[in-house]
Amino acid sequence: MHIVYLILGSNLGDRKAILNKAIALISDKVGEVILKSKIYETAPWGGVEQPAYLNQVLMLKTTLNPEKTLKHVLEIEKDLGRVRVVKWGARSLDIDVLFYDDMIINTDDLKIPHPFIHLRKFVLVPLVEIAPNFIHPLFSVSVEDLLKKLVDHSDVQAIDASLL
């Protein structure tokens, strides 16, 4: 079994329903979801004007290798309406593989750890909620320490998902 951390994001359509459907499909096709962060409403990242996101980090157990994990999450994005038009643009669903065990993978198709973890508050806040002591394999520091050193001051707020 392997431990994988994913971040889910949605800023189009019924964002909460899309996250819930994605989690169900991940449980069915990728692996057992062990932990889920709260849902956070976050400012968009990347300089493209668009609506706010809902983001959530998952920790799961899987028997899939990293490439199959990526293949399945990309299929789930597509099944839930993801259309790739503008880099960092609005989307019904985005799923990124943050970590896969403590592996370091750098291919054209797959980069693990995700190359922007240490720069994004919307990733680190929910990740620290469920795995504060996870050691980033490239930087050899905990994700909690990465959050403490972060210069991204964008708005990341836990929300009461029952109000959505």
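No experiment lies behind these values; they were computed from the predicted model shown.

J.: How should the overall build of the chain be read in this particular structure?
T.: On a plain count of helices and strands, the chain comes out with four helices and eight strands. Ordered by position in the sequence, the α and β elements of the chain form the string β-α-β-β-β-α-β-β-β-α-α-β. Taking 15 Å as the expected radius of gyration for a compact globule of 164 residues, we find that the chain reaches 15 Å, a close match to that expectation. For the chain, buried positions account for 47% of its 164 residues. Of the accessible surface of the chain, which amounts to about 8,300 Å², a share of 54% is contributed by carbon and sulfur atoms.

J.: Which parts of the structure should I look at to understand the nonpolar core?
T.: Across soluble globular proteins, you tend to see nonpolar side chains buried next to one another. Core analysis: the largest hydrophobic core is formed by 25 residues, its most contacted members being Leu6, Leu8, Ile26, Ile76, Leu93 and Ile95. If you list the elements that add at least two residues to this core, you get strand S1 (2–10), helix H1 (15–29), strand S4 (53–62), helix H2 (66–79) and strand S5 (94–100). The element contributing the most residues to this core is H1, with five residues. If you look at the next biggest cluster of nonpolar residues, it comprises 21 residues, including Tyr40, Met59, Val123 and Phe134.

J.: Sorry, what's going on with the pattern of salt bridges here?
T.: With the rule as written, the count across this model stands at three salt bridges. In this structure, the salt-bridge partner of Arg15 is Glu41, at a minimum N-O distance of 2.9 Å. With Arg15 in helix H1 and Glu41 in strand S3 (residues 40–42), this pair connects stretches of sequence that are 26 residues apart. Exposure remark for Glu41: the relative accessible area of 30% places this residue in the partly exposed category. Here Asp79 and Lys29 are joined by a salt bridge, their closest N and O atoms 3.4 Å apart. Within this pair, whereas Asp79 is found in helix H2, its partner Lys29 is found in helix H1, the two being separated by 50 residues in sequence. Exposure remark for Lys29: the relative accessible area of 31% places this residue in the partly exposed category.

J.: What am I meant to see in the pairing of S1 here?
T.: Look at any regular strand and the pattern is simple: side chains alternate between the two faces of the sheet. The element S1 is largely enclosed, with a buried count of seven among its nine residues. Sheet topology places S1 next to S4; nine bridges connect them, and they run antiparallel. Bridge pairing in S4 links Ile3 to Lys61. Bridge count for S1 against S5 is six bridges, and the pairing is antiparallel. Pairing of Tyr5 across the sheet is with Phe99, part of S5.

J.: Would you explain unusual backbone geometry in this entry?
T.: Comment: phi is negative for the bulk of residues other than glycine, and the bulk of peptide bonds are trans. In this structure, Pro113 follows Ile112 across a cis peptide bond, with omega equal to -5°. For Pro113, the position within the fold is in the loop between strand S7 (111–112) and helix H3 (121–130). Backbone geometry places Asp101, a non-glycine residue, at a positive phi of 50°. Among the structural elements, Asp101 can be located in the loop between S5 and strand S6 (105–106). Judged by relative accessible area, Asp101 falls into the partly exposed class, the value being 23%. Despite not being glycine, Ser140 shows a phi value in the positive range, around 55°. Secondary-structure assignment places Ser140 in the loop between H3 and helix H4 (143–148).

Criteria and cut-off values
Residues numbered from 1 in each chain as written. Predicted model: local features only at pLDDT ≥ 70, side-chain atom pairs only at ≥ 80, totals over all residues. Heavy atoms only, no water. Helix = DSSP H or I, 4+ residues; strand = E, 2+ residues; numbered from the N terminus. Rg over C-alpha atoms; globule rule 2.2 N^0.38 Å. Buried < 20%, exposed > 50% of the residue type's maximum accessible area, 1.4 Å probe, protein only. Areas by Shrake-Rupley, 256 points an atom, 1.4 Å probe, with all protein chains shown as cover. Core = buried A, V, L, I, M, F, W, Y, C linked by side-chain atoms within 4.5 Å. Salt bridge = Lys/Arg side-chain N within 4 Å of Asp/Glu carboxyl O. Pairing = 2+ DSSP bridges.

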